[in-house]
Amino acid sequence: MAEIANVPPAAKLAGVEHLYSGKVRELYRFPDGRLLFVASDRISAFDWVLPTTIPDKGRILTAMTTWWFEQFADITNHWLSSDVPAEVAGRAMVTQPLEMFPVECVARGYLTGSGLADYQASGSVCGVALPAGLTNGSRLPAPIFTPATKADVGEHDENVDFEAVSGTIGEEDANELRRLTLQIYERAEGIARDRGIIVADTKFEFGRNPSSKVITLADEVLTPDSSRFWPADKWEPGRQQSSFDKQFVRDWLTSAESGWSPKSDDPPPGLPDAVVEQTRAKYVEAYERLTGRTF
Ligand code: Q0N
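(A) Structural context of unusual backbone geometry. Residues other than glycine seldom take positive phi values, yet C126 does so here, at roughly 50 degrees. Its place among the elements puts C126 in the loop between β10 (124-125) and β11 (128-129). We classify C126 as buried; its relative accessible area is 10%. The backbone of D219 sits at a positive phi, close to 65 degrees, despite the residue not being glycine. Position of D219 among the secondary structure elements: in the loop between β16 (215-218) and β17 (227-231). With relative accessibility at 7%, the residue D219 sits in the buried group.

(B) Spatial organisation of the domain arrangement of the chain. Examined at the domain level, the chain breaks down into domain 1 (17-95) and domain 2 (99-234). If you look at the interface, domain 1 gives 19 residues, while domain 2 gives 21 residues. Each partner contributes to the roughly 1,800 Å² buried at the junction of domain 1 and domain 2, and carbon and sulfur atoms together form 65% of this total. It is W68, F72 and I75 in domain 1 that bury the most area against domain 2; as a group they hold 32% of the surface buried on that side. Inspection of the region where domain 1 meets domain 2 yields three salt bridges. Joining domain 1 to domain 2, the criterion identifies nine residue pairs in polar contact (both at pLDDT 80 or more). Counting residues per element, the side of domain 1 that touches domain 2 draws most heavily on helix α1 (residues 57-71), which supplies eight residues. Of the residues contributing to the side of domain 1 that touches domain 2, the split by class is 10 nonpolar, five polar and four charged.

(C) Layout of the site of the ligand. Looking at the ligand, there are 14 residues lining it, with L35, H78, Q96, L98 and E205 nearest. Within the contact set of the ligand, a nitrogen atom lies 2.8 Å away from a backbone nitrogen or oxygen of Q96. Backbone polar atom of L98 to a nitrogen atom of the ligand: 2.8 Å apart, as the coordinates give it. Compared with its free state, where it exposes 470 Å², the ligand has 87% of that area covered by protein. Secondary structure elements with two or more residues in the shell around the ligand: β2 (25-29) and β3 (35-39). Its residues assigned to classes, the shell around the ligand comprises eight nonpolar, three polar and three charged. Split by domain, the residues of the shell around the ligand number at least three in each of domain 1 (17-95) and domain 2 (99-234).

(D) Fine view of the packing of aromatic side chains. Considering all chains together, one arrives at seven aromatic pairs under this definition. Considering the side-chain rings of F46 and W260, the 6.0 Å spacing of their centres and the 50 degrees angle between planes classify their relative orientation as tilted. Within this pair, whereas F46 is found in the loop between β4 (44-45) and β5 (48-49), its partner W260 is found in the loop between α5 (247-253) and α6 (273-291), the two being separated by 214 residues in sequence. Classification of F46 as partly exposed rests on a relative accessible area of 31%. Look at W68 and F72: their rings are 5.7 Å apart centre to centre, the planes differ by 10 degrees, and that puts the pair in the stacked class. What makes F72 buried here is its relative accessible area of 3%. By way of ring pairs, the aromatic residues W67, W68 and F72 are connected into one cluster. Over the ring of F162 we find R178, and its NZ or CZ is 3.8 Å from the ring centre. The ring centre of F244 lies 4.4 Å from the NZ or CZ of K282, which sits over that ring.

Criteria and cut-off values
- Residues numbered from 1 in each chain as written.
- Predicted model: local features only at pLDDT ≥ 70, side-chain atom pairs only at ≥ 80, totals over all residues.
- Heavy atoms only, no water.
- Helix = DSSP H or I, 4+ residues; strand = E, 2+ residues; numbered from the N terminus.
- Buried < 20%, exposed > 50% of the residue type's maximum accessible area, 1.4 Å probe, protein only.
- Domains from an automatic or database assignment.
- Contact = heavy atoms within 4.5 Å.
- Buried area = accessible area lost by both parts, 1.4 Å probe.
- Salt bridge = Lys/Arg side-chain N within 4 Å of Asp/Glu carboxyl O.
- Polar contact = N/O pair within 3.5 Å; in protein donor to acceptor, adjacent residues only side chain to side chain.
- Nonpolar A, V, L, I, M, F, W, Y, C, P; charged D, E, K, R; others polar.
- Near = heavy atom within 4 Å.
- Areas by Shrake-Rupley, 256 points an atom, 1.4 Å probe, with all protein chains shown as cover.
- Phe/Tyr/Trp six-rings, centres within 6.5 Å; stacked < 30°, edge-to-face > 60°.
- Lys NZ or Arg CZ within 6 Å of the ring centre and 35° of its normal.

Structure follows, in structure tokens:
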């Protein structure tokens, strides 16, 4: 699989085969076929992987994912075990190997990002018509399923309509992915909102268990990397919302102090220690607020 220019090579883990490296996650296979899903401490911003890592980010996002899996005990997921190699302790899961659906299953409860851009151009998102008068950050009348197809490395995923998904995987499975996506999102959004975090949108990946044929929730779920988390007390439609986790990073990278611009073709500079520590604290806060557990 293609490598991303500024992502370091995957860790060498004894006895597992490296399958895939994304900007911040890696996938390996054990000899028995089970997978090892690893979350790194890497952080991305403005489509770059930053040269600085955030201590404990991988462990926090892994703990968040497994907590959500526990909340949705009625939704079959790919988690098998948290008994992982020592080098990745706490930031990896052993998972079922699935036949993945080639669809990014996105649910949106609020309008921003590519959803806002599509709405402003056409009044709809992924073929779903929306009422007039919505603005950046508006809460939608009801959550919508806005699937996307994975683009090549370096490209953004492409929003597609439900019919395109049906055409690719069949109507029955497309209906099921939409139903699962909206059901899980609605439940998560309510839980998070009660705890002061708006989950504006989120992306799920599903696969089919090749033996049982059961459609199964995969990937990491409902983390700030797979979702947009906003602080509920600062929500104000009509402007770009602040990011729960990455706002300190974005503010510093766009400040004069960084000497860098998101428009630049140059890689971003490393983050100051204070920004690293503030950002780590936001990931801890998100985990502790959501779960009521201490990290
Ligand atoms: C898999 N991807 C998508 C995040 C992005 N349980 C699974 N079985 C088979 N394949 C996959 C999974 C999962 N999860 C998912 N690629 C393969 C890209 N992912 C890869 C992991 O990092």
